[in-house]
Amino acid sequence: MMALVARMIRLFKADLHGVMDQIEDQELLLKQHLRDMQAALMQKEAKLKHICRARDQARREYENADKERDRLEKDLVIAIKNDKDDISRMLIKKLKPLTGIQTDRREHIDRLSEEIKQFRTIIEQQRLQYGQLQQKAREYFHRSEQQRWEDFASGAPAEFTSYDLSDEEIEMELMQRKEAIKGGLTS
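As the structure is a prediction and not an experimental result, all values here were calculated from the model. (Residues numbered from 1 in each chain as written. Predicted model: local features only at pLDDT ≥ 70, side-chain atom pairs only at ≥ 80, totals over all residues. Heavy atoms only, no water.)

Digging into the packing of aromatic side chains
Okay, so step 1: Scanning the entire structure with this criterion turns up one aromatic pair.
Okay, so step 2: In this structure, Lys31 packs its charged tip against the face of Phe141, placed 5.2 Å from the ring centre. (Phe/Tyr/Trp six-rings, centres within 6.5 Å; stacked < 30°, edge-to-face > 60°. Lys NZ or Arg CZ within 6 Å of the ring centre and 35° of its normal.)

Observations regarding the nonpolar core
Okay, so step 1: If you look at the biggest cluster of nonpolar residues, it comprises 12 residues: Leu30, Leu34, Leu41, Leu48, Ile51, Cys52, Leu112, Ile116, Phe119, Ile123, Tyr130 and Ala137.
Okay, so step 2: Judged by nonpolar contacts, the second largest core, of seven residues, contains Leu72, Leu76, Leu91 and Leu98. (Core = buried A, V, L, I, M, F, W, Y, C linked by side-chain atoms within 4.5 Å. Buried < 20%, exposed > 50% of the residue type's maximum accessible area, 1.4 Å probe, protein only.)

A closer look at the pattern of salt bridges
Okay, so step 1: In the structure shown here, the tally under the stated rule is 11 salt bridges.
Okay, so step 2: The residue Arg127 makes a salt bridge to Glu45 at a minimum N-O spacing of 2.5 Å. Linking Arg127 in helix α3 (residues 85-155) with Glu45 in helix α2 (residues 26-81), this pair joins segments that are 82 residues apart in sequence.
Okay, so step 3: Since its relative accessible area comes to 38%, Arg127 is described here as partly exposed.
Okay, so step 4: Given a relative accessible area of 24%, Glu45 falls into the partly exposed group.
Okay, so step 5: Residue Arg69 pairs with Asp66 through a salt bridge whose shortest N-O separation is 3.0 Å. Taken together, the positions of Arg69 and Asp66, both in helix α2 and three residues apart, correspond to about one turn of that helix.
Okay, so step 6: Where salt bridges share partners, they join Glu45, Glu124 and Arg127 into one cluster. (Salt bridge = Lys/Arg side-chain N within 4 Å of Asp/Glu carboxyl O. Helix = DSSP H or I, 4+ residues; strand = E, 2+ residues; numbered from the N terminus.)

With respect to a negative patch on the surface
Okay, so step 1: Together, Asp167, Glu168, Glu169 and Glu171 make up a region of like negative charge exposed at the surface.
Okay, so step 2: Along the polypeptide, Glu171 turns up in helix α5 (residues 167-186).
Okay, so step 3: Under the relative-accessibility criterion, Glu171 is labelled partly exposed at 45%. (Patch = residues over 30% accessible without salt bridge, like charges linked within 9 Å, V, L, I, M, F, W, Y side chains within 5 Å. Areas by Shrake-Rupley, 256 points an atom, 1.4 Å probe, with all protein chains shown as cover. Lys, Arg positive; Asp, Glu negative; His and termini not counted. Charge placed at Lys NZ, Arg CZ, Asp CG, Glu CD.)

Structure below.
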């Protein structure tokens with residue numbers, strides 16, 4: 001009995017999925033998919049800009065700290081030359097942590113640069129895929145439009161779809177036009 005109920009439920013679900021597939025407009029789904037892809041690309045580009053700003057900020061901090069380190073090094077040399085051991089110790093206490101911080105900053109900048117490089121590659125690939133999908137979508141929409149016109153033409157009354165004229169109809173049209181032109185010249 002349970003097997004029968006399970007089969008009935010499965011049949012109902014399958015039928016329901018079939019109805020839903022027929023209801024969904026494939027063109028609308030494709031357009032929504034394109035919008036979603038564009039939004040995802042824009043988010044990734046925004047994230048890339050954020051990472052670039054973070055790297056630029058880290059570079060500025062690195063450069064400023066490098067200038068500070070150079071200044072401290074010069075001061076240390078002067079203090080050592082003048083036998084100012086207390087000042088030399090104080091400068092060394094400032095220099096040592098700064099050197100470690102600079103190493104960490106350099107690694108951070110390198111990681112950000114690598115992340116930016118990878119992100120740009122991913123974004124470029126996705127832009128290419130997006131462009132290809134846009135082109136395929138345009139072709140699909142064009143074919144759909146053509147198919148709708150063909151379907152309309154095949155269901156339209158004969159006088160709308162028949163453009164084949166008999167020789168007699170062509171002759172009659174020619175005579176009418178000649179008469180109209182001659183009549184227009186004599187007036």
